[in-house]
Structure formats: C-alpha cells, structure tokens
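Per-entry structural report
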Amino acid sequence: MSRVMRRSTPRFKQWLTSAFRGTVMGLLALGALVGCSPVDPEPESAGTQTLTKLITAEQYGNSLAYIFGSGIDAQVRFAPVARNEGLLANSLASAGVSVGQVQTIQGVASSVAKQVMDIENRNHLVACRPESIDSPDEACATQFVSKIGRLLFRRALTDDEIATFVGQASAAVKELDGKELDGEKLDGFYAGLEVVLEGLLIHPEVLFIVESAEPDPNNPEQLRLDAHSLASRLSFFLWNASPDDELLMAAENGELQSPGGVERAVGRMLESPRLVDGMRAFFDDMLVFDEFKTLSKDATIYPEFTSVTAQDAREQTLRTIIDHTLNKDEDYRDLFTSRSTFMSPALAIMYGVPAQPGWAPYTFPEDSPRSGLLTQVSFLSLTSHPGRSSVTLRGMALRERLLCQTVPEPPPGIDFSVLTNPDANYPTQRQRVAAHLETPSCAGCHRITDPIGLSLEQFDGAGGYRLTENGATIDATGSLDGIEFDGAIGLGEALSQNPALPQCLVRRVYSYATGGPPENDARAALNYFNEDFAAQGYQLRNLLRTIALSKAFSLIKNSPSEEERLLATTSSR
Amino acid sequence: MTHFWPGTTGSQVRTFALFIITLAAAGAATAELPEPYQKDGRIGYVLTRKAWVIYEAGGVEAQCPEGLNASGVRQQFADLFPMDGDEQWTVRETRLMREGRMWHPETSEESFPYLDAQGEVAYGLNLDGKVDPDDFRSPDGIEGIDNQLQRAIGCTPGWRSDGQFVHFESLFAIGHSYNRWMIELSGVDDLSNDDDVTVTTYRGLDDLFTDATGDGFIAGGSQRVDARWGQNFVEEVKGKIVDGVLTTEPVKVARIPWAMRFVGYYDVLDFQLQLKLTPESAEGIFAGYVNAEQWTNRLNRNWGSHHQSYGTVSSASEYRAMRRLADAYPDPETGANTAISGAAEIELTQVYILHPSEQ
Amino acid sequence: MSKWDRRRVLKGMVKGVGVTVALPFLDYFLNGNGTAMAQGAPMPVRFGTWGYGLGGTGKLFVPQQTGRNYQLPEELSSWAPIQEDVNLFTNGNAFPDASPNRNHYTGWVVSRTGIAPDSGSGPSETIDLTIAKKIGGATRFNNLTATATADARDTYSYYNASTPNEPEWSPLAFYKRLFGLDFQDPNADEFERDARVIARQSVLSAIMEQESSLMKTVGVADRERLDQYFTGLRQLELQFTQRLTKPEPIASCVAPGEAPVDVAMDQSTESIKLRHQMMSELMAMAVACDQSRVFNMTYSAAFASTIKTGYAKPHHTCTHEEPVDEALGYQENASFFTRRAMESWVDFVEAFKKIPEGDGTLLDNVLILGTTDVGYARTHSVDGMSVFLAGRAGGKINTGNHIDLNGGSVAQVGYTALRAMGVDSPSWGTLSNETSEVIGDVQV
C-alpha cells in the first residue's frame, strides 16, 4: 500500500507538468501512464562482480572530512583515470597506482597526520588524553587507532592489527620525543601517533575498496555482497564517501542485512544532506566536468570568459541539477527545458543579466533564448574550442553524455582538403561543416552529430549569445533523431522527449552504483529500472532508491574466481 | 517600447519553428543579445579610469619651455636646510615647520620658482559661459574652455600623463570598491540622440570584473548602489545626448572619491560630464571647479611626501599657483577667487546598477 | 661559488600581461673544477623521453640529405644549436597490422612500446618504464614525469594499459617535489638522520608485512594492481632509506634555492613554452643531482590543444581545417605550431647540455627519445613518421645524423635506445613492428 501511495504523488506531479506544458505529447504520455499497471517486480538478476576499486581523491577527501572535520586541508590529488563507457567511475576497478603516485599519497598522508596532531587540533580530534604527552600511552593509542582505523578501513581492525599499530606508535614515541624537527620540539605521544596515522592513511586497504561476497542465506547457491561491502557500495554510491559510523554499525551488528535493514539504511542516506555531495560527484562525472580543470579560452577572442566564469559555470549546472532533482523532486527530463537556475555575478556577464553578489536562484525569462542545461555556459563552453564553437563536439557530447550513444572515432589518414579547399573562408559553421556531410567518409558520423550542434550555433565558443557569425546571420535549424527544430530551445524540447534520455541516466546511475559498465545480462534489470523510473515520474531520488535496494545492486555473480577468493578469504580470516 | 540602439531592432524578434513542439510563449521571443545592457530606458556605467587631464600635444617643449617644476617637497626641504654645513637644525623649525606649510598653505611669496604651463589648448568645458582672454580652446576648436588647473599643474611631472598620480589614481579607483563611482542614465530613448535624459551619480559597492587578459574590463557586470554610506555621492542632473555624446547640466557640488578610504572624496563645484557613449562603455571628461584649500588638503591626505616628491610635487607651492590662477568662487571678504577650473579624463564600463529595491 | 647567484629572467605572458619570472637557471659558472667530479666513478647513463603532437609538414620537416651535416629544413631551423647532439630518424612507420589504426594513438604507442594498441586498449608498458625497472631503483624517484600542457592527463608514459604515469603539470609543484623540504642536497656539509623518517620506515614495514594476507582477498587481475601498489610502497621505503644515508657529493648538482613563480595555465604557445622551459630545467637539474635516472616530458598531447593567441583554431583542429596557403604551399598556422614545438625540443636538449658533467656535459651521459603521433600533420598519416634521439648515452651513441628509416618501423629506434641503455632484450615489439636489429649508423 505504501508503495502505491509513494508512486501516486509523482504521477500527480507528472500530470500537472504535462497539463501545464499543454502538449499533445504530454497528454498522450499521461494516458499511457494512467493506463499501465504497476511495474512488475524486479526480474531475477545475475548481479555484478565484486570489485577492487581505487578510491578517488574526492572520496578520500570526503572520508577524511567526515572523520576529522572540514578543518583539515587535505589537498588530495590522484592521477586522473581514463573515462570508460561514459564514466571515470567505471575505471576505478581497473585503475592502478603508479610508483610516483604512492609518493604523492604519502605526501598527503603526512600533511593530514601533521594537521590532526597539531596542538590546535589534537585535543578534539584525539578523543582521549594520554597520561603524559612525552611517553607512550597504550590505552589512549588503542582507542585512537581502533576508532580511526575502523572508519578508514571501513571495517573494524583486528586485535592483531591494533596491537601492531599501537606497538609502532609506542616505539616511535621513544624515537621522537623531545626531538627538534622543522624548528619544532616534538611531543612524543602525539608524534608517535602521527607517524602511525600517516601509515594508516597510505594503507592499501584504505586506498583500495576491496569488495567481498558471501553466500546469500535465503539462497545458498547465490552469492551476495557481505555486509561491509554492501555498506561501502551504498555509501560510495550515494555519498561519495566511506560509510559513516551508523552504517558501519549496522553492517557490524547484522542490522543492515536483517529484514527491512537495507531499506532503513538507504532511506536514511537518501534523506541526508550528504546525498548532495554524492549526486554532485555523479553528475560531475557523467557530464565530463573534469574537463573544467583544464578548460581555458583564448583571452583575446573571449575576454569575458575568465577562470572564475569556468568555475561558476560548473557550479551553476550542478546547483541547477541538485535543486531540480533533489530539492524539488522534479522530472529529470525537464532539466533540459527548465528555465530555473542559479546565477552568480561573474556568470551573469555571460548571460547579459544583472546579479547580486553570491549565488541566487534565477529564472530565464520567457523570451530568453535559454532554457535547459544545453543552453548553460557549462555545456556550451566545454564542448567548444578555445577560440570558437564546435558543432561536432556539441553534437557528440549530447549523444555520448546524455543519450549514452557512441560516436565512432574519425577514420585515420583522412585528407581534409575537401573541407578546407578551395575556400575556407566561409562565414558560418554551417557552411564550414557542410563539407562533412557531402563527403561519404565523413558523412556517416557527422550526420548524427552536426545537425544537433548546428541548432546551438547561436551560442559562441564561450557560451555567449549571438545572432551572427562573421557578419552572416546564423541559421540555427537542426534536428535530433528525425525531429526538426529551430534553435536551442527546440533542441532541449526534443531531447527531453527522447526516450534514450532517461534510459541513459538509468544506465549511468547503475554503472556508477555498481562500479562498472553493465554487462549484457543486466539488460533485464535495466529494463526494470527504466520502467520503474518512468512510473515514478522520472524522479532521481526514487531511481536511486530502486537501484540501491535492487538485487542487481547487491547480488554477486558466481564465478570461478569468486569461489577461489571465497575459499582463500575464509581460510585466511 | 522604444528600441534604443540603432541597427539591432531587425533581429529582435525571432520565431522558433518547432516541428512537434509548440512553445507556451508562442510567437515572438526577444533575444538577450540585441538590447543587452539597458532596461526601461536605463543604462549604468562604472568608473574604471580617472586622471586630471593635461593637453600634452607638442610635448614638454611646447607647454613648459622653461622646463618642468623640479623642486618637490623633499628637494625644497633639502634646499632650505642643507645638511653639509655646520648649521644645527631643530625638528620644530625644519620638519614641523614644513609640515605646517603643507597643511596650512599660504599665498605669500616663496623663494622657489614655480613654472606654469603655457599654451592655448586644453580639455574641459566652458564652465562660466564666457570666452575670457585667459580661457583655452578645446582640441576640437571650441573657444572659452575653463581649465586654469592645467596652467597650475601642467608643468609638474607627477600630474602629467606619465606621472605617478595618473597611474595611482586609476589603480586605487579600480582596486578598491570604496572608490566605486558610477552614473546611471535614465529616460533614455536613444543612446545616440536624446535631448532629455537624467543622469544620477552613485557610489557602488562591488568589485569590477576584469577580463581574461587581466587588463580590460567587461561590460555586463553588476554593481549595488551604496545606499547606506553613499548618500553623499548621489546627485541627479539633466543632460542631453547629441551624436552619441552626453553632456550634462552642472551639478552644484559633486563628490568624487579620490584614493584612500579614510579621505573619502573631494568636491567638484559646477560639475559637468561630457561622455562619448556606447552600449558597453563611456569615455570623456568631467569638468568643474575645485576649491584650492580642500583640494590641497585632500592631496596631502591621499599622497604623502614620498608620492609627492617622486612627482616633484610640493603641495605648498602648488597651492600658491592654484590661488593665483583661481577663476571662480571669490572669497566674500577678500574678493580673491578660491576655486580653480579643471577637467579630468574618465573611462567607464557599462554595468547593471542594482538599486536598494532590487538588492 | 654561490648557488643560483645569477638569475635568468624569462619574460612570459600571464593572462596576456607581460610578466617577469625569475627562473632557477642552469647556465651557472663553472667553478674551475667542473671536471673533477664524482671522484672518478663512472657517470651513470640516464634515459629520458620527450613527446609532442602532430608531426610536421612533410618537406618542411624532413631534411633532403641524410648522414651528418645535413641542411636543416624550415621547421627544424631552430635545431642549429643542437644538431650535433641529436639523431633524426625520418620516414618511419607505425604498423597497425590487425589492430585498428587509432588516430593520434597508434603512432606514438608503437614508437614507445613497439606494439600497436588494440581497439579500446591502452598502451602496454612504455620504454621509459622498462628501462626504469633496470636503472630506476637506485634513486629517490623511480622516474620523473612532467607535462607542459597543464593537463594531468597528458602523458606518454604508461605502466600498463590502465595505469598512466601521472605527470606533474605545475612548475611550482614540480619544484616542491624535487627540491622542496625532502630534498637532500648531496653537497650539503651537514647531514642528520631524520628521526621521523626512521619511525615512518618502521610503520611502513609493518604495513608491507600484510601484503600476502591482503593479496589473498582479491582476484588475479586485482592482485597485479595491488602488487603495483606494494611496489610503490617499496620504492617509498627505498626513499626513506636514502634519506637516512648521507649522499655522495655531486659537483654538477646545484639545487635551485628559490621556488619558481607559477605561471599562467593556459594553452597559448607562449605559456606552454615558459612552463616547458621551467620544468625542463628543473628536470635536468634533478637528473644532475641524481634524484632520478629516468625522465619524461610532454610538450603537447597528441591531440595538441595548443593555441596561437588570437587564432581561433587550436593546433589539432588547425591541422584539419586550415587551408593550404596557395602562395606558401602549406598550412601556415599548422607549421607555426610545429616550429614552436621544435623550439621547445631544443630547450629541452639544451637544458641537459648546459649542465657540465665529467669532461663534457650531462647530455653526454643521457639518451633522450623524442616521439610524435603522426607523420604528416595535415593527413594524420602514420607513415613518414619521425623519431629523435638526443645525447650520447655515455659514449655508446654517435650523434648528428639524419637517418632515413625507409619505411621501416619506428620501433627500431626504441630498440636501439633500449639496447644502448643496457636492457638486454633479443627483440622488441610485435608483428610488423618487431625488431631485433639496432640501427648501426648511430652506434659507436
């Protein structure tokens, strides 16, 4: 019953949205929704593999912030990983750590440990007081190591482990107490603890999230994530951080996998403000916003586009998405037509509007040429060259990032003279790229990208609005999968109605949640998520809940290597 | 609604032909581009450069045939109190005495030579409506220009276009938001020609937006009006725009921020603006009279001995010249003029002005 | 001699504004006994790589004569000061064989691994890290890797397909890493063992003891990744050990005493040149100070995004879209980018040549492999490709030659380098790129 109630609300919202939109399509969709029966239960699922994932710099930083508070300046920077099927997150289960990177991580660890044990912080970050600050105190060290170690390792440390680290701390006290280093006289107890904390922070179990499986008690033939691995998978998925104390406790005392346990845990996580961090990280990844780190424009061509513009453009889109999907629980598809956003003074210059200091909600007026994410400076500037727009990059980005389609790489060894000769001085991009579409070796791909990009041509390479290029009026007609329109607003409308749009989000969220691109046998699960997402009015929070609670999320495939691991683990632990 | 900028109205209305989708706001959509910077007949500009202007065509030889003033405050001190003899000086009769001269300037004769600028051409406006023999001709050939300040400071290195005051005044004007000075035009029907516009001056609160090259300013930024402490900077005056040039009627007293926060401002009497306007920027001059006493006081408070001496400025000597050349506001008792005419070159960049009601 | 007492000043553009940056400079005065160094011990031979994107413009890039004293073509005109120190190989091929020819990828990957990459796969271990396995373990850093592009993704060095060797991209951060607090000046008079390092080393050993139990919890593929991590920890341990050992003095090591100013991080040729020069000089000095024996520099990525200020098309787009200038007969702007890249290659080689070592310079004791991703920029072809080898590898290599590879695999050059560095491998590369012959013309 409660499940039905939960679903009826979004449907009502969907009805309202459609009614306001007043489109035939909307009414048709409504009819279809009202007519359909509730979504069938989740199909049988093979589950996923257990993975050994490299923690990201952001996750490491978020976890440290949870453990030590935001006052610790972690300056974490890890090597960038390759994008795999649309997400950086999909590569974490195969990414390695280079020798050089270990040194970088050690540097971070050393700096964090030093800050924690600094006289300003240690009294509140080390919960106990040593008997004396210049000699070992095993009780206090044990308390610190076991508490911090549990949060860092995402599991309780074994007695042996605790004994080892406490022993190291005590030995270090003798080595360090009273020594003068970098102009400071060391207090032995804290100096010893600092060295041990530094070691914990570079421990492979902290840097690698090792998932493990256990037989499912309800079906001993089937494997599932064990409680700690489930807690970690949930926490990195929804919060982009290690599990908190409460979640770890639920994993430790069996509550998490008891009836209703995971529903309670997920419910709590979805209502937590930390969900915002998690979803910002997800959309940052999905929208390829890591490119902002290196985005720069030619200052002589776009003097109005500064590094602050770039930073704010990213922030604007993330704020828009979070507000739309989590604060207002609105239909994901409407992000591409919505006129609601947020504005900062630096960004307002690009949009030609006034702005107050700081961030404030902003609605593009009805007669503005902008509505939806595609018309925001982030998308437009990121998919352009430093000195001009690119119809191909924009079309490709829309297909790959938002519709999960693959645009093939250009063939090698092309003679581009057809494109450039005899006269490359065409005033507009439409004329310049026309050659793509006339040349058979190019047309195949450019036909699926360029008509999208051409409809965004009224926005220049920095995201500013323009009506002409080199004096010629821009023709912004374009098309997307058979739907034709004139300009960016039409493109946004067409995209929002494209069935691949929500399906792509589902695919990306599921890969992000489980750590890798879905395998072929996940198709049934994906179909189920798609239907459920539609039935629940394309609300993100509901999609997260459905995926987090699904069998496809927590069941583990039986495989020879998994069995080998299980045997090895049980015999060694 | 009137279209303000010529040449853009044709592209204002765009229709978006949609294949299956009809927008709720069917029909016309006004783009953000054609009229980017004004709303309801208003357009704002914020000051990004300011310096007292000297007409320097022909170079030093033309205006200062006898050379430039060479004795700034330190040089004068050294001349008066040579340290190479046996003479013993007290602080009171040396430093404190000279300090006193700066803060309580006199019009009495002094031993240092002071060179006035020569020439017949100056920037500025005809402030008194008369063409007097000692008036200048503008570079555009207009007679009756009042700019006696040019004579008074035109041969002092610190005030010339390569001098440090020109550099530092703009640097401070740009760098500190307490010096933010802006104007808003309202009732504008056409930025090229409009015989009745209102110009209001304000102090702003926010930083300027520099462009990606680091040395330009971007139009389209926003500035809040300082409604709390900036009331003294608010003046309203009528003006007209002819062929893109705005000229205002005089404001009795306008307050202009100078440089340092604690000094705040100086008064320009019978203040007038003459600015070439574009949707993105305004540049030209302001002209008016400054009271020699107040101006000298503010000069000393803004720029200490080291700034003055680098530009071989001595405010005590300069004061004498200003009083000697003063051309308005006679002292009711002595009949001697107390204020001197002058002009400053200014540049402004368009900005959205946010009034208290909009903040 | 006072260290770094003469400061070179480089004028650069920061956000379009001219700035003056005091650089750690390397052309310091010899103290008269620059040759009396290392107490007669033979200088180790060091290996490095340098990479840039998008090849060159055919005849403008390839000299007409082979052998020595060839006439420098237009795009290589900046090479004059280093012509005698470099071997230029042209007309090479990167054979894709059955793998797809992957634009901007196959070319450099074959040059550095001898193996054409499969679709969707990263490169296998690159030559620098193969050599680092042999000679990288003796120094504080196993290898040094940097990029002038300000983009941490631009590296031509890979441990394996999924582990790129992350480059340092900020000159300031690079300085701090090399010559910051942890740097032990080999010529310092005083040496004190750092008690904290002793403690760190002990904790690290305790962690390493857990290696075998942790390995059991993961599958085979992940074991390799964890093993790599433990290799990193072992290198860290080695570093700690070195920090507890007084280093031998090295006369040619003159550490910069002052951090460089960090410069603009944009993609203009001016900024890239400046960053490249700063990092090259830091890198060369770090090699002279024996902080590492393997080093890599990226000047531009294969999809080079370098921009010419005021010109709308970045390098890569320009090679595609710029029309051939009818009067000149080539793409003027594309060639502009190539020329700038070559100037920076000269800067790189000169950074090593400026440091005296033994009877000659540091360059005599290094070998630097320079690679690119395509032959002819405009068509992105993987034939007609060039490779460079700079330095004399401790006397094993003759320099100053232009060698026509006659369409043979560019992997021949890599193999020649590998052998010169003492890696005793009977062959290198696979399929058509496999090679077991060193190029005789450059061997002493």
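Now for a description of the structure that goes with this document. Quantities reported herein were computed from a predicted structural model and do not represent experimental measurements.

Some thoughts on the packing of aromatic side chains
Both the distance between ring centres and the angle between the ring planes are used here to describe each pair of aromatic rings. Counting across every chain of the model gives 48 aromatic pairs over all chains. Relative to Phe292(A), the ring of Phe289(A) lies with its centre 5.1 Å away and its plane at 75 degrees, an arrangement referred to as edge-to-face. Judged by its relative accessible area of 2%, Phe289(A) falls in the buried class. By relative accessible area, Phe292(A) is classed as buried at 8%. Their ring planes at 45 degrees and their centres at 6.0 Å tell us that Phe168(B) and Trp303(B) sit as a pair that is tilted. Taken as a pair, Phe168(B) in helix α5 (residues 164-175) and Trp303(B) in the loop between α6 (292-302) and α7 (305-310) lie far apart in primary sequence, 135 residues in all. Feature note: the residues Trp52(B), Trp159(B), Phe165(B), Phe168(B), Phe172(B), Trp181(B), Trp258(B), Tyr266(B), Phe271(B), Phe286(B), Trp295(B) and Trp303(B) constitute an aromatic cluster, connected by ring pairs. It is Lys308(C) that lies over the ring of Tyr311(C); its NZ or CZ is 5.9 Å from the centre. Directly above the ring of Phe336(C) sits Arg340(C), whose terminal nitrogen or CZ lies 4.5 Å from the centroid.

Observations regarding the interface of chain A and chain C
Contact residues are listed per partner, giving 75 residues for chain A and 71 residues for chain C. Per-residue buried area on chain A facing chain C is highest for Arg77(A), Val99(A) and Gln103(A); these three make up 10% of the total on that side. Between the two partners, chain A and chain C, sit 23 residue pairs in polar contact (both at pLDDT 80 or more). When residues of the side of chain A that touches chain C are traced back to their parent elements, those giving at least two are β1 (52-54), α4 (99-116), α7 (159-176), α8 (188-201), α9 (204-207), β4 (208-210), α18 (417-420) and α26 (560-572) of chain A. Of the residues contributing to the side of chain A that touches chain C, the split by class is 31 nonpolar, 26 polar and 18 charged.

Concerning the sheet that holds strand β6 (residues 219-225) of chain A
All names here are of chain A. With antiparallel pairing, three strands are arranged side by side in an open sheet as β5-β6-β13. Strand pairing shows two members of the sheet lacking a second neighbour, β5 (213-216) and β13 (555-556), which therefore form its edges. Bridging between β5 and β6 involves four bridges; their strand directions are antiparallel. In the sheet register, Glu 214 faces β6, and the bridge partner there is Arg 224. Helix-sheet contacts for helix α10 (residues 227-239) involve β5, β6 and β13, and the interaxial angle to β6 is about 40 degrees.

Description of the packing of helix α22 (residues 500-514) of chain A against helix α23 (residues 523-535) of chain A
When two helices pack together, their arrangement is captured by the angle between the axes and the distance separating the axes. Residue and element names in this part refer to chain A. Contact pair α22 / α23: the axes reach a minimum separation of 10 Å and the direction vectors enclose 125 degrees. When the axes of α22 and α23 are compared, the pair comes out oblique. The element α22 and its partner α23 pack so that their crossing is right-handed. Packed against α22, whose contacting residues are Pro 502, Gln 503, Leu 505, Val 506, Arg 507 and Tyr 510, the element α23 presents Leu 526, Phe 529, Asn 530 and Phe 533 at the interface. For the contact of α22 with α23, the residue count by class is seven nonpolar, two polar and one charged.

Describing the state of the cysteines
As enumerated under the stated definition, the model contains four disulfides over all chains in all. A sulfur-sulfur separation of 2.1 Å characterises the disulfide bridge that pairs Cys128(A) with Cys140(A). Here the S-S torsion is close to 90 degrees, and the disulfide linking Cys128(A) with Cys140(A) is therefore right-handed. Of this pair, Cys128(A) sits in the loop between α5 (122-125) and α6 (138-153) while Cys140(A) sits in helix α6, placing them 12 residues apart in sequence. Overall, Cys128(A) belongs to the buried group, its relative accessible area being 11%. Classification of Cys140(A) by relative accessible area gives buried; the value is 3%. Sulfur-sulfur distance for the disulfide between Cys64(B) and Cys155(B) comes to 2.0 Å. On the sign convention where negative means left-handed, the S-S torsion of about -100 degrees between Cys64(B) and Cys155(B) marks this disulfide as left-handed. Of the two residues, Cys64(B) is situated in the loop between α1 (59-63) and α2 (73-80) and Cys155(B) in the loop between α4 (148-153) and α5; the sequence distance between them amounts to 91 residues. Look at chain A and number its bonded cysteines as they come in the sequence; the links are 1-2, 3-4.

Quick notes on the nonpolar core
If you look at the biggest cluster of nonpolar residues, it comprises 98 residues, and the most contacted ones within it are Phe237(A), Leu256(A), Tyr332(A), Leu398(A), Leu402(A) and Leu505(A). Beyond its immediate chain neighbours, meaning those up to four positions away, Phe237(A) contacts Met279(A), Val509(A), Tyr512(A), Ala513(A), Leu544(A), Ile547(A), Ala548(A) and Phe553(A). If you look at the next biggest cluster of nonpolar residues, it comprises 74 residues, including Cys128(A), Phe144(A), Leu186(A) and Phe230(C).

Rules behind the numbers
Residues numbered from 1 in each chain as written. Chains lettered and ligands numbered in written order. Predicted model: local features only at pLDDT ≥ 70, side-chain atom pairs only at ≥ 80, totals over all residues. Heavy atoms only, no water. Phe/Tyr/Trp six-rings, centres within 6.5 Å; stacked < 30°, edge-to-face > 60°. Buried < 20%, exposed > 50% of the residue type's maximum accessible area, 1.4 Å probe, protein only. Helix = DSSP H or I, 4+ residues; strand = E, 2+ residues; numbered from the N terminus. Lys NZ or Arg CZ within 6 Å of the ring centre and 35° of its normal. Contact = heavy atoms within 4.5 Å. Buried area = accessible area lost by both parts, 1.4 Å probe. Polar contact = N/O pair within 3.5 Å; in protein donor to acceptor, adjacent residues only side chain to side chain. Nonpolar A, V, L, I, M, F, W, Y, C, P; charged D, E, K, R; others polar. Pairing = 2+ DSSP bridges. Axes fitted to C-alpha atoms, helices over the stretch in contact; angles between N-to-C directions. Parallel < 35°, antiparallel > 145°, perpendicular 65-115°, else oblique. Left-handed = near helix turned anticlockwise from the far one by under 90°. Disulfide = S-S within 2.5 Å. Core = buried A, V, L, I, M, F, W, Y, C linked by side-chain atoms within 4.5 Å.

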